[in-house]
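Below are the chains, spelled out letter by letter.
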Amino acid sequence: MNFESRTVSINEIDTQDSRYQLSLHIDTHTIIESIKAVGLINPPVIVKRDDDHYSIVCGFRRVMACKALGWDEIPVCIPPRRPTDLDCLKLAILDNRSHRPLNLIEQSRAIKKLSPFFPPQERFSKITFLLGLPENEKVFKKIESLCQLSESAKLGILENTLSLEAGVELVELEPEEQDCFAFLFRTLKFSQNKQKELITFVKEIAIRESVGIKEVINSEEIRGIIDRSDINRNQKAKEIRAYLRRRRFPSLTKAEAKFFEDLKSLRLGPHIRLVPPPYFEGTTYNITITFKDITELEQCKSEFDAMCQNPVLKRILS
Amino acid sequence: MSVHISRIYVDQGITHLPETRAILDRLKHVPCTVVFDYKVVQDEVLRGDDPVTEGKRVLFLTRNKGAFLKDCPGTKYYNCCGYKILHIGTYCYMDCSYCILQTYFNPPVLQYFMNQEDLLHDLDRILVSKQGPIYRIGTGEFTDSLIWEPWTDISMRIVPYFAAQERAVLELKSKTVHIKNLKYLRHNSKTIVAFSINTPAIIKSEERYTASLKSRIGAAAMCEEWGYPLAFHFDPLILYDGCEPDYREVIRYMFKRVSAENIVWISLGTFRFMPPLKRIIQQRFPGSKIIYGEFIPGLDNKMRYFKPLRIDLYKKIVEWIREVAPDVLLYFCMEDDDVWHTVMGHVPEEKGGLPQMLDEAAIRHCRLTRTVS
Ligand code: SF4
């Protein structure tokens, strides 16, 4: 496409018109410095609307930066014939992708904006191709759903404090509930798996106890853990997970605690390990004995004999 | 009943059977298509957003190309009852949130097998001789036993068949009250009419389109009047706030209407499910809370309530039943020796194993003859 280069009054450009905008936020900070230093090297692409104002196709940051710098006029590129909305979107996507890969939120916004232009049976393949996404329909649907996240949850995705999988889990929640999770995950960094686990715990506790999700996350216990100054972020994350697990599985966690208490009173040394059946469902316990030499083995044997005589072991196994 | 069926597909290989015509006559207001290939039905069911629901509205009359008799799929660790399944059809138009059939077939389709000569032939193969083991055979594993009654003559074929032999009992297990056809059948006590039982709260929230508790017990009482031996299945027992007084009331009501002497057995099983069912329940029954109990992965990979919780509820239910019916055989569906011992005070092995315990009960109530082969 041969673009016409020209200069237009900056006020004729409608910076509120976001129909071709893929990025969530327009951060002009760095670009202002660059324009101040070397000027506007790459003019934005705009198209004229029926009301004689212009919509931005590519270069939102550049237009905003020039506006912030007080420019009255701005050099722009205008396509020769008025392109279709789909063409403009394609252009915006290609322009963005030529500098860097689109982030998940941009991909999600692009899917949403492109979808009306394709029949359902072609939507997946056409959009996947345009965005350079892997040909995996499950992943496609996950990315697509991110559009429904609250602003702060989207920010969490961009900052990498909220994983794609966890984001998908949040989509069905109310925006304020999503915000609560986004805040929690930003405050205490959780691994991807732990995020999902935590969301499941909270959702299920809310259903079990017929309380709101916000009520669970903002519980005194969780707030208390976040506010503690004697433990670090990782420890806080661990404590919160343990608290939620206790609340979700009260009987199981009580049984585990009782087992570990009993285990302590068995006073086993570091060479003998007693492992209960998973979830106490089966009846088979495991004992592991580790030793380096015969002396250590003999030591283990007397410890083992003592353990067998200990009434606590009977209690554990009863 | 037929309101649930929106379309009938007929396998072209069975269109000539008089039974097929009889069913179509009874459902004549439902549009019907003859198909050459099951795939047509599958595609139709899979087309919608919710194939699990769609499959309940589509009836496929076909032939069973496999065996009609199958072993109940037990597992090594938990005590299995050694039951045989008589495969009359698949799936169900009722809609229980916890129904395992939602995940069993892909997609699940309401299928009814028309080649009943083959079914009887399969039964003949194990029952024709007067000598041999005792069999307990049920139709309520891949479907509800009695949903077919309004459209088919299935009970009229199989109940008299079982009545004419001495080595097997047929168990018809249901959540419906379609017992009308059973009234005048010669059953010779060889058919046990069984009802799955739950509390009114669970029936209301989790068992869509099933008969109420009162109707089920009423139907059981009626069958008892007609001389049928009865059975009850407290399965799945579900833990919820207030479940204990509710189950106690169910037991009280049950024994007010039916006499313990005519009950062959009562099974107990707490809710358990394969993990993929969780998603299905979340999607299809968003208001259901049953999957949010304290479930842990069992040794058969099914999610089960944490064992002490199961034991607790079992103990109470067993005690309440024992108070009024000390002699009725109570058994657990898929529980380990630990649970048996803690709750019942013995393990099946001490009484010859669960299959033998059930055989004995069947012999006693259904007048079977044990022969040495
Ligand atoms: S009645 Fe039985 S077969 Fe029918 S939906 Fe309920 S559980 Fe499934």
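**Notes on the overall build of chain B**
Consideration 1: If you tally the helices and strands in chain B, you get 13 helices and 18 strands.
Consideration 2: For a compact globule of 373 residues, the expected C-alpha radius of gyration is about 21 Å, and chain B comes in at 20 Å, within 12% of that figure.
Consideration 3: Each principal axis of the C-alpha atoms in chain B carries an extent, and together these give about 55 × 50 × 35 Å.
Consideration 4: Across the 373 residues that make up chain B, the buried fraction comes to 58%.
Consideration 5: The contacts of chain B with a sequence gap of at least 6 include a subset with a gap of at least 24, amounting to 75%.
Consideration 6: With an accessible surface of roughly 15400 Å², chain B has 52% of that area assigned to carbon and sulfur atoms.

**Structural notes on the nonpolar core**
Consideration 1: If you look at the biggest cluster of nonpolar residues, it comprises 128 residues, and the most contacted ones within it are F232, F234, W265 and I266 of chain B.
Consideration 2: For F232 of chain B, the residues in contact, after removing those within four places along its chain, are F195, I197, I217, A220, M254, V258, I263, W265, I266 and S267 of chain B.
Consideration 3: C77, A166, F185 and V216 of chain A belong to the second-largest nonpolar core, a separate cluster that totals 72 residues.

**Some points on the sheet that holds strand β17 (residues 303-305) of chain B**
Residues and elements named next belong to chain B.
Consideration 1: The antiparallel open sheet is built from three strands, whose spatial order is β15-β17-β16. Looking at which strands have only one partner, the edges of the open sheet turn out to be β15 (272-273) and β16 (295-297).
Consideration 2: As paired strands, β15 and β17 are joined by two bridges and run antiparallel to one another. Note that in β17 the partner of F273 across the bridge is M303.

**So, the pattern of salt bridges**
Residues and elements named next belong to chain A.
Consideration 1: The final tally for this structure, using the stated rule, is 53 salt bridges over all chains.
Consideration 2: For the salt bridge of D95 with R62, the shortest nitrogen-to-oxygen distance reads 3.6 Å. Placement of D95 in helix α3 (residues 85-99) and of R62 in helix α2 (residues 60-68) is noted, with a sequence separation of 33 residues between them.
Consideration 3: The class of R62 is buried, set by a relative accessible area of 11%.
Consideration 4: Here R100 ties to E106 by a salt bridge, and the two come within 2.8 Å at their closest N and O atoms.

**Section: the domain arrangement of chain A**
Consideration 1: Looking at chain A, the domain boundaries give domain 1 (1-100), domain 2 (102-148), domain 3 (150-248) and domain 4 (258-317).
Consideration 2: Computed from C-alpha atoms alone, the centre-to-centre distance between domain 2 of chain A and domain 4 of chain A is 55 Å.

**Remarks on the packing of helix α12 (residues 220-227) of chain A against helix α13 (residues 233-248) of chain A**
Residue and element names in this part refer to chain A.
Consideration 1: The N-to-C vectors of α12 and α13 enclose an angle of 165°; their axes lie 9 Å apart at closest approach. Compared by their axis directions, α12 and α13 come out roughly antiparallel. For the pair α12 and α13, the sense of crossing is right-handed. Side by side, α12 and α13 meet where E221, I222, I225 and I226 of the first sit next to K236, E239, I240, Y243 and L244 of the second.
Consideration 2: Residue classes in the contact of α12 with α13 are distributed as six nonpolar, no polar and three charged.

Conventions we followed
- Residues numbered from 1 in each chain as written.
- Chains lettered and ligands numbered in written order.
- Predicted model: local features only at pLDDT ≥ 70, side-chain atom pairs only at ≥ 80, totals over all residues.
- Heavy atoms only, no water.
- Helix = DSSP H or I, 4+ residues; strand = E, 2+ residues; numbered from the N terminus.
- Rg over C-alpha atoms; globule rule 2.2 N^0.38 Å.
- Buried < 20%, exposed > 50% of the residue type's maximum accessible area, 1.4 Å probe, protein only.
- Contact = heavy atoms within 4.5 Å.
- Areas by Shrake-Rupley, 256 points an atom, 1.4 Å probe, with all protein chains shown as cover.
- Core = buried A, V, L, I, M, F, W, Y, C linked by side-chain atoms within 4.5 Å.
- Pairing = 2+ DSSP bridges.
- Salt bridge = Lys/Arg side-chain N within 4 Å of Asp/Glu carboxyl O.
- Domains from an automatic or database assignment.
- Axes fitted to C-alpha atoms, helices over the stretch in contact; angles between N-to-C directions.
- Parallel < 35°, antiparallel > 145°, perpendicular 65-115°, else oblique.
- Left-handed = near helix turned anticlockwise from the far one by under 90°.
- Nonpolar A, V, L, I, M, F, W, Y, C, P; charged D, E, K, R; others polar.

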